[in-house]
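# A closer look at the structure
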Amino acid sequence: MKDMDALKKYKQSRKKCFLFGLALAAAIFLLITYTVGLGAMELTYPDVLKIIWGKISGNEEVLYGIKEGAIAVVWKIRLPRIICGAFVGAGLATAGVIFQSILQNPLADPYTLGISTGAAFGASLAILLNMMFGIFLSVPVTALAFSLLTLIAVTAISMRGGGLVSSNLIIAGIIVSAIFSAGISFMKMLAGEIVYWIMGSLGSKTWSDVALVAPVVLIGLAVSQFFTSDLNVMALGESDAEALGVNTKRTRFMYLALGSCITAVCVSVCGVIGFIGLVVPHLLRFSLTSDNRMLMPLSALFGAFLLCGADNVTRLISNGEIPVGVLTTLLGGPFFIYIFVRRKGSVRAE
Amino acid sequence: MLNSPLLEAKNVSFSYGKDKVLSDVSLVVNRGEYLSIVGMNGSGKTTLLSLLSGHLRPDKGAVFLNGRNLNSISVRERARQIALVSQSRQMNFPFTCLELVLMGLHPHSERFETVSDEQLEKAREIMESTDVWRFADKPITEISGGERQRVVLSRALMQNPSLLLLDEAVSELDIAAKISMMKLLLQQVRKTGMSVVSIHHDLTTVFRFSDRVAALKLGSLAENGTPEKLMTKEFFKDVFSVDAEILSNKGFIVCDNI
């Protein structure tokens, strides 16, 4: 009887994950379409669906009877912000799964290697230079450039320090991050506007932000998913992974580049939004599965759902005054302490 | 085919920076034999095993698997033939024991290939034989060190290798579990023709279960032969610097002279 239980449970856990994924996808659709109608200008659910369908299909007839202003609010202001939030949430959670497995550390996150601090430094620099010299340096592009520079610096330091192993990468990340943090503090002193950007916000995002973040997240997720069986084995450590037929150097480098690109684009669009990349994979791993083949897409969906939800809370309750990064960290921090303490009780001491 | 060479290390040397760990070691592993590697701490046993697995490349000399230089074989192809159970068994992620054992299929599986019912049945058989099936659905982070060793050994058997390399893989097992695991491994060796190269510190286990013993001393191969012939008073004195009393065909007693 026990035999049947373990095999049955194995098969059932796959089914459970699939159903949970479907439920999450449906919940995201409902969350987006429902909350886009909420705000200072309230719209009915059918009107929201009509606006979205009319704009996507190009069939303007369905928009008949809906005010121009309402269409503009939904299509030009709220929807890009909400969709951008969904992609950023999916991206940060995907990067979280990647970094945790590659660094063999369930407490790692997309910011562990200092990628976000590099991006924040780049963005701060662009904001400061724009203010000082009246130029129009693109904030996302500069942020992206500096985050990639951070990745190059971190991997170079790690290689010089003995190789691309997780402990070297984490130490190199801390060093580079500390240097950029000092630079950010100096620029904060010169320009107060930087503070708000760094706190992480989805306010005033446009379709061009979606166009920047969506392809990177989708392609990153697809490539990550293609190699997830290798990522599972990588989570066991280098020598076990190699003994199971994985080219560890190539796989580690590919995932580092993927995770960094996803993080960089997310940070470059909306600043530093903490805890999504840490909490989402961790929570799903301990409640559903550690198998990255399922954990990866589920984390992307759950990350999208969570950030969308959190942004709607800040948008509707505080009228967008509280940056969503502050809320995710304020709520995510204590929640993380709770799951960490609970998890520790279930991990066997040696 | 039994007793023909499967793996051959020819005059291999290896250094970590300026620290020479192995020098000019030659060793043959035959098909269907259980070869134990013994030696004092720091004698180069784990490094030799890493060279035999292909994880490390020798500075000098070469390792051949079925006559092919190990360096010319891809990591994946190597993993289809050689399984390694290494010393570090720290698990940070709560994979279930069954999931972990099924990872042994990785070098044989295509991407997105799902696990078949036959493979699940094979995993069950292996896990029953290693006595870990009763916690198949438990997270690997929630079982003891000895139980984890048996799960990792099950994964290595799932890999269906022609050569199994073990680095102190039974060191954390209690005496009953150790004997039953060694019997199981020996049964696999006899039944399937699989070869095992295993590092042991427990010389009683070495004496009782090995077909052959290779002893390392300061990075060089000191002795090589059957346990009965090799494990003499001189052997203990030379390799481990201890006095031992040999009980004819039954084993030995190490005297407390340190």
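See the structure printed just above.
Residues numbered from 1 in each chain as written. Chains lettered and ligands numbered in written order. Predicted model: local features only at pLDDT ≥ 70, side-chain atom pairs only at ≥ 80, totals over all residues.

## What about the overall build of chain A?
Here is the rule we go by: By definition, any uninterrupted DSSP run of H or I lasting at least four residues is a helix, any uninterrupted run of E lasting at least two residues is a strand, and each is numbered from the N terminus. For a compact globule the rule gives 2.2 Å times the number of residues to the power 0.38, and the radius of gyration it is set against comes from C-alpha atoms. Partly exposed residues are those whose C-beta has more than 12 but fewer than 20 other C-beta atoms within 10 Å; 20 or more makes a residue buried and 12 or fewer makes it exposed, with C-beta atoms placed from the backbone. Two residues form a contact once the distance between their C-beta atoms, set from the backbone, is within 7 Å.
The number of helices and strands found in chain A is 14 helices and 0 strands. Scanning chain A from its N terminus toward the C terminus, one meets helices and strands in the order α-α-α-α-α-α-α-α-α-α-α-α-α-α. What you see for chain A is a C-alpha radius of gyration of 21 Å, in line with the 20 Å of a compact globule of 350 residues. Principal-axis analysis of the C-alpha atoms places the extent of chain A at approximately 65 × 60 × 35 Å. A total of 350 residues make up chain A; the buried ones form 48% of that total. The contacts of chain A with a sequence gap of at least 6 include a subset with a gap of at least 24, amounting to 76%.

## Quick look at the sheet that holds strand β10 (residues 220-225) of chain B
All names here are of chain B. Short version of the rule: What makes two strands pair is DSSP finding at least two bridges between them. Axis lines are fitted to C-alpha atoms, over the contacting stretch for helices. Their N-to-C directions set the angle, which ranges from 0 to 180 degrees.
Taken together, 6 strands build an open sheet; the order of strands is β6-β7-β8-β3-β9-β10 and the sheet is mixed. The sheet terminates laterally at β6 (82-85) and β10, the two strands that pair on one side only. Within the sheet, the average angular offset between the axes of one strand and its neighbour, ignoring direction, is 15 degrees. Strand contacts of helix α9 (residues 233-240): β3 (34-39), β9 (212-217) and β10, with the helix running at about 160 degrees to β10, the strand carrying the most contacts.

## As for the nonpolar core
Keep this limit in mind: Structurally, a nonpolar core is described as a collection of buried Ala, Val, Leu, Ile, Met, Phe, Trp, Tyr and Cys residues joined by way of C-beta atoms within 7 Å.
One finds Val88(A), Val213(A), Val265(A), Val101(B) and Leu165(B) to be the most contacted residues of the largest nonpolar core, which totals 174 residues. If you tally residues by element for this core, the top one is helix α3 (residues 68-102) of chain A, at 16 residues. Once residues within four sequence positions are removed from consideration, Leu165(B) is found in contact with Leu49(B), Leu52(B), Ser53(B), Ile82(B), Ala83(B), Leu84(B) and Val197(B).

## Quick notes on helix α12 (residues 276-287) of chain A
Residues and elements named next belong to chain A. Operational definition: Here, expected helix span is obtained from the residue count minus one, scaled by 1.5 Å.
Between its first and last C-alpha, α12 extends 16 Å over 12 residues, near the 16 Å set by a 1.5 Å rise per residue. Burial within α12 is extensive, with 9 of its 12 residues counted as buried. Every buried residue of α12 is accounted for by Ile276, Gly277, Leu278, Val279, Val280, Pro281, His282, Leu284 and Arg285.

## Concerning helix α1 (residues 45-53) of chain B
All names here are of chain B. With respect to burial, α1 is a largely interior element, 7 of its 9 residues being buried. Within α1 the residues assigned to the buried category are Lys45, Thr47, Leu48, Leu49, Leu51, Leu52 and Ser53. Directly after α1, the chain includes glycine 54, whose backbone phi takes a positive value near 90 degrees.

## Regarding the interface of chain A and chain B
Our working rule: Just so you know the grouping, Ala, Val, Leu, Ile, Met, Phe, Trp, Tyr, Cys and Pro go in nonpolar, Asp, Glu, Lys and Arg go in charged, and all remaining residues, Gly too, go in polar.
Every contact between the two is made by 31 residues of chain A and, on the other side, 30 residues of chain B. Counting only elements with at least two residues in the side of chain A that touches chain B, the list comes to α1 (2-35), α9 (228-234), α10 (238-243) and α12 of chain A. Here the element with the most residues in the side of chain A that touches chain B is α1(A); it accounts for 6 residues. Residue composition of the side of chain A that touches chain B, by class: 12 nonpolar, 10 polar and 9 charged.

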